[in-house]
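Notes for the structure review
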Amino acid sequence: MQNNTHENNDHDTNLASRFELLHQEANKNSVFQSFGDSVKETLSQNPKKLVCFYFYDEVGSQLFEEICQLDEYYLTRSEAEILQKRSSEIAELMDKDTVVVELGSGSSVKTRKLISSFIQKNGKLEYVPIDISSSILIESSKSLLNDFPQLKITAVAAEYRTGLSQIKTRYEKVSRIILWLGSSIGNFEKMSSITFLKEIRSTLNKSDAFLLGTDLFKSEEILVPAYNDAKGVTAKFNLNLLARINSELGGNFDLSKFQHKIVFDDKDKKIEMHLKSTEDQKVSIKNLGLELDFKQNETIHTENSYKFTQEEIEYVARESGFRLKAQWFDSKHLFALNLLVPV
């Protein structure tokens, strides 16, 4: 019994010695407001909007994990296939002892293959996940440290810009690869995505690289079910934004009077997500002093998800100060991972 306790203490000490959590105050120039300020501003606009950044409270994050397992949601499987087949190749393209930085790391599940490949190449790895949730960072880091004894983690609890600014100084003399997996770039308007990538470029040195996930433009028959699944999980995910407003801001949205709505925009190559009011109704948000009128069929625009052609990927990279060094696709050519290097 005592031996087991001693071994457990040694194990915990070893994990603690390989983990550091850095907290950062939000940058005063951040695009991210408080939840309440953002809701008040965007629901007061015409047409009404909400910011998709706020989907991911605890319930929203759990629902998104469910979405990733759905038959219709090809994105996660497509990206996982690329990482499974190409992680060693990606690691080989980077300098020895490269630090791996991940934006919006979440549970870090899909990063494991890359972590394994970098450790296999160099014998060790420093991993720097950046996420706004310190609890998720701690939980995912503990799991990774248990599974990879050669891994050191410096976790940064911050939004992307703040976290990247800090690690620029901390890792100035080593090569870094910044991972932005998934398809979050699609949530930006096309010009805004270039602005954001320019900010990332400004934190990088010539020896660094940026691995960017992009969802490719494809038929309506594939895209629409991915955002409007038969089980209704994506609908719950979308409606949870209203539930969050009720819970955190004193709203009185009746979720049964709003429906999940998808718009396929072939011209702008995007999927729009909306919440449609099923009747004329009034909604109040007590904590914000906000009274809202909804007409029947009026919508709240909650998300854009832009898709990319090859030409657009190359254009966005070029305009942001990058060069497309390498690119990998899944077997069905639905998704691309793009290795960009500074020019």
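Structure report, in brief. Since the model is a prediction, treat every value here as computed from it, not as a measurement.

A short note on the overall build of the chain
What the chain contains, in helices and strands, is eleven helices and 13 strands. Its C-alpha atoms give the chain a radius of gyration of 21 Å, near enough to 20 Å, the size a compact globule of 343 residues would have. Expressed as lengths along the three principal axes of its C-alpha atoms, the size of the chain is roughly 65 × 55 × 40 Å. Within the span of the chain, comprising 343 residues, buried residues form 50% of the whole. Within the chain, counting contacts between residues at least 6 apart in sequence, those at least 24 apart form 73% of the total. With the model as given, the accessible surface of the chain reaches about 16,500 Å², and the carbon-plus-sulfur share is 48%.

A look at the nonpolar core
If you look at soluble globular proteins, the nonpolar side chains tend to sit buried side by side. If you look at the biggest cluster of nonpolar residues, it comprises 71 residues, and the most contacted ones within it are Leu 43, Ile 177, Leu 211, Ile 245, Phe 253 and Ile 285. It is helix 10 (residues 233-249) that provides the largest number of residues to this core, a total of seven residues. Setting aside residues no more than four positions away along its own chain, Ile 285 makes contact with Val 39, Leu 43, Ile 245, Leu 249, Gly 250, Gly 251, Phe 253, Leu 290 and Leu 292. Grouped together as the second largest cluster of nonpolar side chains are 29 residues, Leu 103, Val 128, Ile 194 and Phe 308 included.

Remarks on the environment of Phe 294
Tracing the backbone shows Phe 294 in strand 10 (residues 290-294). The contact partners of Phe 294, leaving out residues within four places of it in the chain, are Lys 48, Phe 253, Phe 258, Ser 277, Glu 279, Asp 280, Gln 281, Val 283 and Ile 300.

Quick look at helix 5 (residues 112-122)
Every buried residue of helix 5 is accounted for by Leu 114, Ile 115, Ser 117, Phe 118, Ile 119 and Asn 122. Among the residues trailing helix 5, Gly 123 stands out with phi positive, at a value near 85 degrees.

Some remarks on the pairing of strand 6 (residues 209-215)
Burial analysis of strand 6 places seven of its seven residues in the buried class, the great majority of the element. Of the two faces of strand 6, the one holding Ala 209, Leu 211, Gly 213 and Asp 215 and the one holding Phe 210, Leu 212 and Thr 214 are both buried throughout. Where strand 5 (residues 176-180) and strand 6 come together, four bridges link them in parallel fashion. Residue pairing for strand 6: Leu 179 is matched across the bridge by Leu 211. Tracing the backbone out of strand 5, into helix 8 (residues 190-202) and back to the parallel element strand 6 gives a crossover that is right-handed. Bridging between strand 6 and strand 13 (residues 335-342) involves six bridges; their strand directions are antiparallel. If you follow Thr 214 over to strand 13, its bridge partner there is Ala 336.

Digging into the sheet that holds strand 11 (residues 299-306)
An order of 7-8-11 is seen for the three strands of this open sheet, with the pairing classed as antiparallel. Sheet topology places strand 7 (258-265) and strand 11 at the edges, where each strand pairs with a single neighbour. On average, adjacent strands in this sheet sit at an angle of 20 degrees to one another, irrespective of strand direction. Pairing geometry for strand 7 and strand 8 (residues 270-277), over eight bridges, is antiparallel. Residue pairing for strand 8: Ile 262 is matched across the bridge by Met 273. With respect to the sheet, helix 10 is in contact with strand 7, strand 8 and strand 11, its orientation differing from that of strand 8 by roughly 60 degrees.

Brief notes about the environment of Leu 15
In this fold, Leu 15 is placed in helix 1 (residues 2-17). Sequence-distant contacts of Leu 15, that is, excluding residues within four places in its chain, are made with Lys 142, Leu 145 and Asn 146.

Observations concerning the pairing of strand 11
Residues in a regular strand project their side chains so that they alternate between the two faces of the sheet. With eight of eight residues buried, strand 11 lies mostly within the body of the structure. Looking at chain direction, strand 8 and strand 11 are connected through seven bridges and run antiparallel. Across the sheet, Ile 271 pairs through a bridge with Ser 305, a residue of strand 11.

Remarks on the packing of helix 7 (residues 160-170) against helix 8
In contact at an axis separation of 9 Å, helix 7 and helix 8 are set at 20 degrees when each is read in the N-to-C sense. The angle between helix 7 and helix 8 falls in the class roughly parallel. Read as a crossing pair, helix 7 and helix 8 show a hand that is left-handed. Together, Tyr 160, Arg 161, Leu 164 and Lys 168 of helix 7 and Phe 196, Glu 199, Ile 200 and Ser 202 of helix 8 make up the contact between the two elements.

Parameters at a glance
In this convention, every chain numbers its residues from 1, walking through the sequence in written order. The model is predicted, so local features are restricted to residues of pLDDT at least 70 and side-chain atom pairs to those at 80 or more, both for listing and for counting; the totals for chains, interfaces and linings are taken over all residues. Side-chain metrics in this entry use all non-hydrogen atoms of the structure; hydrogen atoms and water are not considered. Helix and strand assignments follow DSSP, with helices taken as H or I runs no shorter than four residues and strands as E runs no shorter than two, numbered in order from the N terminus. Both definitions apply: the radius of gyration is a C-alpha atom measure, and the globule rule equals 2.2 Å times residues to the power 0.38. Buried residues are those whose accessible area, probed at 1.4 Å on protein chains only, stays under 20% of the maximum for their type, while exposed residues exceed 50% and partly exposed ones sit between those limits. In this analysis, two residues are considered to be in contact whenever any of their non-hydrogen atoms come within 4.5 Å of each other. Note that accessible areas follow from Shrake-Rupley with a 1.4 Å probe, and for residues the cover is restricted to the protein chains shown. Remark: nonpolar core denotes a set of buried residues (Ala, Val, Leu, Ile, Met, Phe, Trp, Tyr, Cys) joined through side-chain atoms within 4.5 Å. For two strands to be treated as a pair, DSSP must find no fewer than two bridges joining them. With its strands directed away from the observer, a crossover is right-handed exactly when the path from the first strand over the helix to the second travels clockwise. Helix axes use the C-alpha atoms of the stretch in contact, all axes being lines fitted to C-alpha atoms, and the angles between their N-to-C directions lie in the range 0 to 180 degrees. By definition in this entry, angles of less than 35 degrees are roughly parallel, angles greater than 145 are roughly antiparallel, angles of 65 to 115 are roughly perpendicular, and the rest are oblique. The hand of a helix crossing depends on one turn: near helix anticlockwise from the far one by less than a right angle means left-handed, and clockwise means right-handed.

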